[in-house]
Amino acid sequence: EDSGKALPSDGDGTGFIILGTTHTSITTVGMLCNLDQNNWYVTNPANGLYITGATGVALSDTHTATDRILLHGFVRIADSLMNDARGDSTDVGDVIYADPDTAGEYTTSTSQFGSAEYVKVVGHIMDYDSTSSSYLLYINPSGDFIKVS
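These remarks concern the structure in this document. Please read these numbers as outputs of a predicted model, since none were measured by experiment. (Residues numbered from 1 in each chain as written. Predicted model: local features only at pLDDT ≥ 70, side-chain atom pairs only at ≥ 80, totals over all residues. Heavy atoms only, no water.)

1. Comments concerning the overall build of the protein
Next up, step 1: A count of helices and strands for the protein gives 0 helices and 12 strands.
Next up, step 2: Scanning the protein from its N terminus toward the C terminus, one meets helices and strands in the order β-β-β-β-β-β-β-β-β-β-β-β.
Next up, step 3: In terms of overall size, the protein behaves like a compact globule, its C-alpha atoms giving a radius of gyration of 14 Å where 149 residues would be expected to give roughly 15 Å.
Next up, step 4: Dimensions of the protein, computed from the C-alpha atoms along their principal axes, are close to 40 × 35 × 20 Å.
Next up, step 5: Relative to its full complement of 149 residues, the protein shows a buried share of 46%. (Helix = DSSP H or I, 4+ residues; strand = E, 2+ residues; numbered from the N terminus. Rg over C-alpha atoms; globule rule 2.2 N^0.38 Å. Buried < 20%, exposed > 50% of the residue type's maximum accessible area, 1.4 Å probe, protein only.)

2. Digging into the pattern of salt bridges
Next up, step 1: Throughout the structure, instances matching the rule amount to 3 salt bridges.
Next up, step 2: The salt bridge involving arginine 76 is made with aspartate 127; its shortest N-O contact spans 3.6 Å. Of this pair, arginine 76 sits in strand 5 (residues 67–78) while aspartate 127 sits in strand 10 (residues 121–129), and the two are 51 residues apart along the sequence.
Next up, step 3: On the basis of relative accessible area, arginine 76 is assigned to the buried category, the value being 1%.
Next up, step 4: Residue arginine 86 is joined to aspartate 91 by a salt bridge in which the shortest nitrogen-to-oxygen separation is 3.5 Å.
Next up, step 5: Looking at arginine 86, the relative accessible area reads 48%, which means it is partly exposed.
Next up, step 6: Each of Arg86, Asp91 and Asp94 takes part in salt bridges that share partners, so that together they form one network. (Salt bridge = Lys/Arg side-chain N within 4 Å of Asp/Glu carboxyl O.)

3. Quick notes on the pairing of strand 4 (residues 55–58)
Along any regular strand the residues' side chains alternate between the sheet's two faces.
Next up, step 1: For strand 2 (residues 32–36) and strand 4, the ladder comprises 3 bridges, and the chain directions are antiparallel. Paired with asparagine 34 across the bridge in strand 4 is threonine 55.
Next up, step 2: Both strand 4 and strand 5 contribute to a ladder of 2 bridges, which runs antiparallel. From the neighbouring strand, alanine 58 faces strand 5, where its bridge partner is isoleucine 69. (Pairing = 2+ DSSP bridges.)

4. Quick look at the pairing of strand 3 (residues 39–42)
Next up, step 1: Relative to strand 3, strand 2 runs antiparallel, the two sharing 4 bridges. Paired with leucine 35 across the strands is tryptophan 40, a residue of strand 3.
Next up, step 2: Here strand 2 hands over to strand 3 after 2 residues, with glutamine 37 in that stretch at a positive phi of 50°.

5. Some remarks on the packing of aromatic side chains
Next up, step 1: Within the structure shown, the criterion is met by 4 aromatic pairs.
Next up, step 2: Between tyrosine 118 and phenylalanine 145, the aromatic rings sit 5.6 Å apart at their centres with planes inclined by 65°, giving edge-to-face as the arrangement. With tyrosine 118 in strand 9 (residues 118–119) and phenylalanine 145 in the loop between strand 11 (134–139) and strand 12 (146–147), this residue pair connects regions lying 27 residues apart in the sequence.
Next up, step 3: The class of phenylalanine 145 is partly exposed, set by a relative accessible area of 35%.
Next up, step 4: For the ring pair tyrosine 128 and tyrosine 135, a centre distance of 4.7 Å and an interplane angle of 55° mean the geometry is tilted. Residues tyrosine 128 and tyrosine 135 agree in their burial class; the two are buried. (Phe/Tyr/Trp six-rings, centres within 6.5 Å; stacked < 30°, edge-to-face > 60°.)

6. Points about the nonpolar core
Next up, step 1: Core analysis: the biggest nonpolar cluster contains 26 residues, and Tyr106 and Leu137 have the highest contact counts within it.
Next up, step 2: Elements that contribute at least two residues to this core include exactly strand 2, strand 3, strand 4, strand 5, strand 7 (95–98), strand 10 and strand 11.
Next up, step 3: Element by element, the count of residues in this core is highest for strand 5, at 4 residues.
Next up, step 4: Setting aside residues up to four positions removed in sequence, leucine 137 forms contacts with Gly73, Phe74, Val75, Ile77, Met82, Ile96, Tyr106, His124, Ile125 and Met126. (Core = buried A, V, L, I, M, F, W, Y, C linked by side-chain atoms within 4.5 Å. Contact = heavy atoms within 4.5 Å.)

7. Here we look at the environment of phenylalanine 145
Next up, step 1: The sequence separation of phenylalanine 145 and arginine 86 amounts to 59 residues, and the corresponding C-alpha distance is 25 Å.
Next up, step 2: Those residues in contact with phenylalanine 145, other than ones at most four positions away along the chain, are Thr52, Tyr118, Val119 and Lys120.

8. Quick look at the environment of asparagine 44
Next up, step 1: With respect to the secondary-structure elements, asparagine 44 resides in the loop between strand 3 and strand 4.
Next up, step 2: Those residues within four positions of asparagine 44 in sequence are excluded, and the remaining contacts are Tyr50 and Ile51.

Written out as structure tokens, the structure is:
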């Protein structure tokens, strides 16, 4: 079977999914989010509150208690949410992190993390689809993080 064809559209996901309320900072399905005080906010490696806790992927963005959050599994995202990747099949297998430069987005590089920012692995790239310009990601956020000194 072609990789990811069961998840053909951006924001499609499967795995451990819960319901929760996304904050209005979640503007696009597929964005990384972090739980704080009963709401899911975009991840922000510059702010410990929005990176060190439970991390997931917003599969919907209605900002109601019925939003779907992927905690562990697979998701397809638009390549516009992936930074520092090459945009082709050579990205497959790369580790992905919460991007420190653009809240809620992903990066494959740790070089842009600066002082007092948090580095957290959130998964791996499993497939790149050049036809739809999208990535299939394996989401498995680490419970660990490193604060850059």
